[in-house]
Amino acid sequence: MRKSANERRLTAQRLVALFLLGCALFNYPVLSLFNHPAQLLGIPLLYAYLFGAWVALIALIAWAVERGSD
Amino acid sequence: MAQGWILLLASLIYLGILFAIAYWADRRSDAGRSVIDHPTIYALSLGVYCTTWTFYGSVGRAAATGIGFLPIYLGPTLMFALGWFVLRKIVRVAKANRITSIADFVASRYGKSQLLGGLVTVIAVVGVIPYIALQLKAVSNSFTVLAGGPDLVTARAAAAPMLQDSAFYVAIVLAAFTILFGTRHLDATERHEGMVAAIAFESVVKLLAFFVVGLYVTYGVFDGFGDIFGRAAEIPRLAKLAVARDTAASYGSWAALTFLSMLSVMLLPRQFQIAVVENVNESHVARSVWLFPLYLLLINVFVLPIAVGGLMQFPGGVDADTFVLTVPLARGQEAIALLVFIGGLSAATGMVIVETIALSTMVCNDLVMPLLLRWKALGLDRRPDLSGLLLEIRRWAIAVILMLGYAYFRAAGEAYALVAIGLISFAAVAQFAPAVFGGLYWKDGTREGALAGLSAGFLVWAYTLLLPSFAKSGWLPSDFMGGPFGLELLRPQQLFGLAGLDEISHSLFWSLLANIACYVGFSLRRSPDAREAGQAAVFVGTGDARAGVLQWGGGAPVAELLPLAGRFIGPERAREAFARYARSRGVRDVDALPADAGLVHFAESLLAGAIGSASARVMVASVVEEAPPDLDAIMNILDEASQVRAHSREIEQKSRELEAATAELRAANERLRELDRMKDDFISTVSHELRTPLTSIRAFSEMLFEDPRIDLEERKRFLGIIVHETERLTRLINQILDLAKLESGRAEWTSGDVNLVEVVRESCESLSQLYRDKGVALTVALPDQGPIVQADRDRLMQVMINLLSNAVKFVAPETGRVRVDAEVEHAGVRVTVADNGPGIPPEDQEAIFEKFRQGGSVLTDKPVGTGLGLPISRQIVEYFGGRLWVESRAGAGAAFIFTLPLGEAGDTSE
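What counts, and where the lines are drawn
Residues numbered from 1 in each chain as written. Chains lettered and ligands numbered in written order. Predicted model: local features only at pLDDT ≥ 70, side-chain atom pairs only at ≥ 80, totals over all residues. Helix = DSSP H or I, 4+ residues; strand = E, 2+ residues; numbered from the N terminus. Buried ≥ 20, exposed ≤ 12 C-beta atoms within 10 Å, placed from the backbone. Contact = placed C-beta atoms within 7 Å. Expected span 1.5 Å × (residues − 1). Nonpolar A, V, L, I, M, F, W, Y, C, P; charged D, E, K, R; others polar. Pairing = 2+ DSSP bridges. pLDDT = per-residue confidence, 0-100. Axes fitted to C-alpha atoms, helices over the stretch in contact; angles between N-to-C directions. Left-handed = near helix turned anticlockwise from the far one by under 90°. Parallel < 35°, antiparallel > 145°, perpendicular 65-115°, else oblique. Core = buried A, V, L, I, M, F, W, Y, C linked by C-beta atoms within 7 Å.

### Focus on the overall build of chain B
Then step 1. Each helix and strand in chain B was counted, giving 35 helices and 7 strands.
Then step 2. The 910 residues of chain B split such that 48% are buried.
Then step 3. Across chain B, contacts joining residues at least 24 apart in sequence account for 81% of those joining residues at least 6 apart.

If you want it as structure tokens, here you go:
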């Protein structure tokens, strides 16, 4: 788990950036872009978008914290 | 339908398993092999966030609002992205200060104020009670559904007699279980390893149960996601669920719920308990920042399919909060329904256990104990062991909290869906946000600020959310909703005429506005006093322990502190803790510990683990002769904290510089080794060069000495060789000495105005005989007016003679030609000695300026010089600020060129 101060700073900044990204993805107006009665592969578009973005965000957060920690 | 006794048996078996896990984990922990010391277990135990709200309520919410259930889980995902530093900072501070609850945290931050701890406790208890009611409602609903069928839920008489109400028994069983579970012994650090292990297990159970029912509904009842949504799209009422209402208010409430859940996931007493107090290792936080959101995601995947599936299954009449049970039940899948029941039970027990344990700790440490200790008539200050009393208070607190939950359920539970009840609690704990996060990052928050902010936020919350929930269920007169005394401006859910927001956003806005305004406003009325500043240093700064120590102006002897600690945590454990502390300070015996502020601080933090920081401070103060704390020293530490950060940046900078310097040193070292090798080479070459003429001299001398019959002619020839070799030897030694002098900088230089043309001409004349002997043509092209340079005349002569004699050595006899010319350039004079000899290949053009390196192959050609002339010449030219180099192509002759700067005297004298 030992990281140099520089790496820690970088990790912290990545996480803040991901937080801001998440705030943007999960709110108006981005949300309204997907708020149609359309379907993606049989799944409502909004629902598919939210879960897709959620998975992507979690993956990125995992990448940010686990990188170089092992 | 399942028999009631089967459900009861299953529940008891499940609770028994939980108990066994907790017992096993406690034993492992005592043996030093903690099972919860793993980041995955930590992340799973955080899953206590998912209660029956998630398990039953999300589906109900989804059935009403489509994706409206999701912000409650997106918020924590966002918060945990920041958790890597926010949560870790809280954990670090809490560990350093032995914080046992969120009330303790706030009280400790603002100068260990008992009043503040009490206020936070009251808010937490009042705020969380609806949430506990939610669990009771969900479990009793699930029980009723399983035992009596879905129709019963809707037809259920709201006012069943208490003794026939399953929720009442659920509350009693949960209270008994929690008391058994969480208050078996008093832990100095308030950590419950067994509980955490059981909670992690429960997280797995509820996720599995939800997955099973989700898979069953999606793939058993229907034919996959596409089928469910495809069919739903054809029913207009259900098609609406696929999209959110496209209005500003809808997006606003979405954002408000996200924000609310961001705060709640940190501030709910049970989340604080699991994430902070029960944290074994700070580094576990790193893994949880993505694993916990992943858990939330997984448990939500099937929510919408179940909701939509349920709505299609039951076109009307069945409470959507029970779909996870009723859908499998309606199809005769009783096993799945039973599993779901167990899953819901695990969600409820997890929440209730942790929440009530956290609340009971707060009630005991921050509410009851301070009051009892002040109540002199009880004589508590004379009782030798209070640890039993502490446990007793906690047990009662658990029972009372659960009964209050039941009371709320009876009063208001029927009027709301599960999620709506939970959100009321979320809004209550959100009131802690300014005091907690402000306290972590803002140094100037004061006790009054926190008190005012919390009170204002709490009152506004109660007025806009809690009381209306009573009014809606008929517990308060319904005209309350129209505003007190008919004042429309004060209508609880349209305060000051603010309409258009949903009730949660409305309450959140007004309460946090009041809260933050009061917190900041009152904090800025005065600067923090010594105690607040000291705690600010500990919380905001780097957690410098000195700030804690400095708050004690005086000391107290072990003889007073040890019994004091013993009264609360038990005499034996206190003695052990003091002995450990003595060892850590290098003192052999407990009684030999010096009675200083450090010891007092230790005793205080030991007590804080048992009775909370505020009470601990009061208790310790009763035996310490208190001198006023040193405000200046504390302020210095505060400043130091920022200086330390600056220093650490400086140190980083320095270490980078050091690395660069090390690299330079390594290069220098390499160079030195190279030079050392060169010196060895030099010495061996010199010896070799000296030996050649010496051998020759010795050989001829011996011949002359041993053979007297050599005729005169021969003798003369031998002696000629000997003289010649001696001359060479002398020249060699002279040059070596010369070079040594030049290199060491001890050569004697006489600098003056020198006419370069004269020097060149003179050198050519002195060597003209040699050229003539060898038949080499020497052409000299010199300007009439000689340029004047600042140099040593003899040394320049030496350079010229060396270049000229080199040239004549290397050209062929008879056909050789050497040309010398000098010309004045812009800033200096340039002299060229060019020949038509064999030339020097490019790779040798620098080598010939090294010592003992000669033109041509060393192996095939006989050496024709000492190999020191060119190095010496270059040293001389460079000494006078010029340059000496060679331009040549193999087979096309070589031109040795040197330049010298024009002397200043030369510019002015002419």
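### Side note on the overall build of chain A
Then step 1. Scanning chain A from terminus to terminus reveals 3 helices and 2 strands.
Then step 2. From first element to last, N terminus to C terminus, chain A shows the α and β order α-α-β-β-α.
Then step 3. A total of 70 residues make up chain A; the buried ones form 27% of that total.

### Observations regarding helix 13 (residues 248-267) of chain B
Then step 1. Along its 20 residues, helix 13 of chain B runs 28 Å from first to last C-alpha, staying within 8% of the 28 Å computed at 1.5 Å per residue.
Then step 2. Judged by how many residues are buried, helix 13 of chain B sits mostly within the fold: 14 of 20 residues are covered.

### Considering the interface of chain B and chain A
Then step 1. With 30 residues of chain B at the contact, the number on the chain A side is 32 residues.
Then step 2. Those elements that place two or more of their residues in the side of chain B that touches chain A are helix 4 (71-83), helix 11 (225-234), helix 13 and helix 15 (284-300) of chain B.
Then step 3. With 6 residues, helix 15 of chain B is the largest single contributor of residues to the side of chain B that touches chain A.
Then step 4. Per-class residue counts for the side of chain B that touches chain A are 23 nonpolar, 5 polar and 2 charged.

### With respect to the pairing of strand 5 (residues 828-835) of chain B
Residue and element names in this part refer to chain B.
Then step 1. Across the two faces of strand 5 the burial differs, with Val829, Val831, Val833 and Asp835 buried and Gly828, Arg830, Thr832 and Ala834 not buried at all.
Then step 2. Direction of pairing for strand 4 (residues 817-824) relative to strand 5: antiparallel, over a ladder of 7 bridges. If you follow Ala822 over to strand 5, its bridge partner there is Val831.
Then step 3. One ladder, built from 7 bridges, connects strand 5 with strand 7 (residues 894-901); its direction is antiparallel. Bridge pairing links Thr832 to Ile897 in strand 7.

### Quick notes on the pairing of strand 6 (residues 883-888) of chain B
Residues and elements named next belong to chain B.
Then step 1. As paired elements, strand 6 and strand 7 share 6 bridges and run antiparallel to each other. Bridge pairing in strand 7 links Ser888 to Ala894.
Then step 2. Between strand 6 and the antiparallel strand that follows it, strand 7, lie 5 residues; Gly891 among them carries a positive phi value of about 85°.

### Here's the deal with the environment of Ser615(B)
Residue and element names in this part refer to chain B.
Then step 1. Take Ser615: it is sitting in helix 29 (residues 613-621).
Then step 2. A residue is classified by how many C-beta atoms lie within 10 Å of it, and Ser615, with 26 of them, is buried.
Then step 3. For the pair Ser615 and Leu371, spaced 244 residues apart in the sequence, the C-alpha separation amounts to 9.7 Å.
Then step 4. Setting aside residues no more than four positions away along its own chain, Ser615 makes contact with Gln114, Asn365, Met369, Pro370 and Leu373.

### A few points about unusual backbone geometry
Then step 1. The amide bond that connects Tyr28(A) to the next residue, Pro29(A), takes the cis arrangement and shows omega of 5°.
Then step 2. Relative to the elements of secondary structure, Pro29(A) occurs in the loop between helix 1 (5-25) and helix 2 (30-33).
Then step 3. Positive phi outside glycine occurs at Lys112(B), with the angle close to 50°.
Then step 4. Examined against the element boundaries, Lys112(B) turns out to sit in the loop between helix 6 (102-109) and helix 7 (114-148).
Then step 5. If you check the backbone angles, Glu814(B) has positive phi at about 75° while not being a glycine.
Then step 6. Relative to the helices and strands, Glu814(B) resides in the loop between helix 33 (793-810) and strand 4.

### Description of the confidence of the model for chain A
Then step 1. Residues of chain A with pLDDT of at least 70 account for 89%, and the chain-wide mean is 82.
Then step 2. For chain A, strand 1 (residues 39-40) of chain A is the element with the lowest average pLDDT, namely 76, and helix 3 (residues 45-66) of chain A is the one with the highest, namely 90.

### Details of the packing of helix 3 (residues 52-65) of chain B against helix 16 (residues 303-313) of chain B
Residues and elements named next belong to chain B.
Then step 1. Two elements in contact, helix 3 and helix 16, have axes separated by 8 Å at closest approach and are oriented at 65°. In the packing of helix 3 onto helix 16, the handedness of the crossing is right-handed. Contacts from Ser58, Val59, Ala62 and Ala63 in helix 3 reach Val303, Leu304, Ile306, Ala307, Gly310 and Leu311 in helix 16.
Then step 2. When grouped by side-chain class, the residues that make up the contact of helix 3 with helix 16 number 8 nonpolar, 2 polar and no charged.

### Some remarks on the environment of Gln431(B)
Residue and element names in this part refer to chain B.
Then step 1. Along the polypeptide, Gln431 turns up in the loop between helix 20 (418-429) and helix 21 (432-441).
Then step 2. Between the C-alpha atom of Gln431 and that of Ala514, which follows or precedes it by 83 residues, the distance is 9.8 Å.
Then step 3. Excluding residues within four positions of it along the chain, Gln431 makes contact with Ile123, Leu454, Gly457, Phe458, Trp461, Ser511 and Asn515.

### Digging into the packing of helix 4 of chain B against helix 15 of chain B
Residue and element names in this part refer to chain B.
Then step 1. Where helix 4 meets helix 15, the axes come as close as 9 Å, and the angle between the chain directions of the two elements is 170°. By the angle between their directions, the pair helix 4 and helix 15 is classed as roughly antiparallel. Mapping the contact onto sequence places Tyr73, Pro76, Thr77, Phe80, Ala81 and Gly83 in helix 4 and Val285, Ser288, Val289, Phe292, Pro293, Leu296 and Asn300 in helix 15.

### What about the nonpolar core?
Residues and elements named next belong to chain B.
Then step 1. Val106, Val120, Leu267, Ala307 and Leu607 are the most contacted members of the largest nonpolar core, which has 241 residues in total.
Then step 2. In terms of residue count, helix 18 (residues 334-374) provides more of this core than any other element does, 22 residues in total.
Then step 3. Residues contacting Leu607, with those up to four places away along its chain left out, are Ala565, Phe568, Ala616, Met619 and Val620.
Then step 4. One finds Ile788, Val820, Ile876 and Val877 within the second-largest nonpolar core, a separate group that totals 39 residues.

### Some words on the sheet that holds strand 6 of chain B
Sheet strands pair by backbone hydrogen bonding; their relative direction is either parallel or antiparallel.
All names here are of chain B.
Then step 1. Pairing is mixed in the open sheet, where 5 strands are placed in the order 2-4-5-7-6. Of all strands in the sheet, those bounded by a partner on one side alone are strand 2 (777-781) and strand 6. In this sheet, neighbouring strand axes are inclined to one another by 15° on average, regardless of whether the strands run parallel or antiparallel.
Then step 2. Here helix 33 sits on the sheet in contact with strand 4, strand 5 and strand 7, set at roughly 20° to strand 5.

### What to know about the confidence of the model for chain B
One rule of thumb: low pLDDT means the predicted coordinates there are not for detailed reading.
Residue and element names in this part refer to chain B.
Then step 1. Residues at a pLDDT of 70 or more form 89% of chain B, whose mean pLDDT is 81.
Then step 2. Counted against residues more than four places away or in other chains, residues 857-862, with its pLDDT under 50, gives 1 contact.
Then step 3. Under a pLDDT of 50 for its full length, residues 905-910 has, in the predicted model, 9 contacts with residues more than four places off or in other chains.
Then step 4. In the model output, the complex is listed with pTM 0.68 alongside ipTM 0.93.

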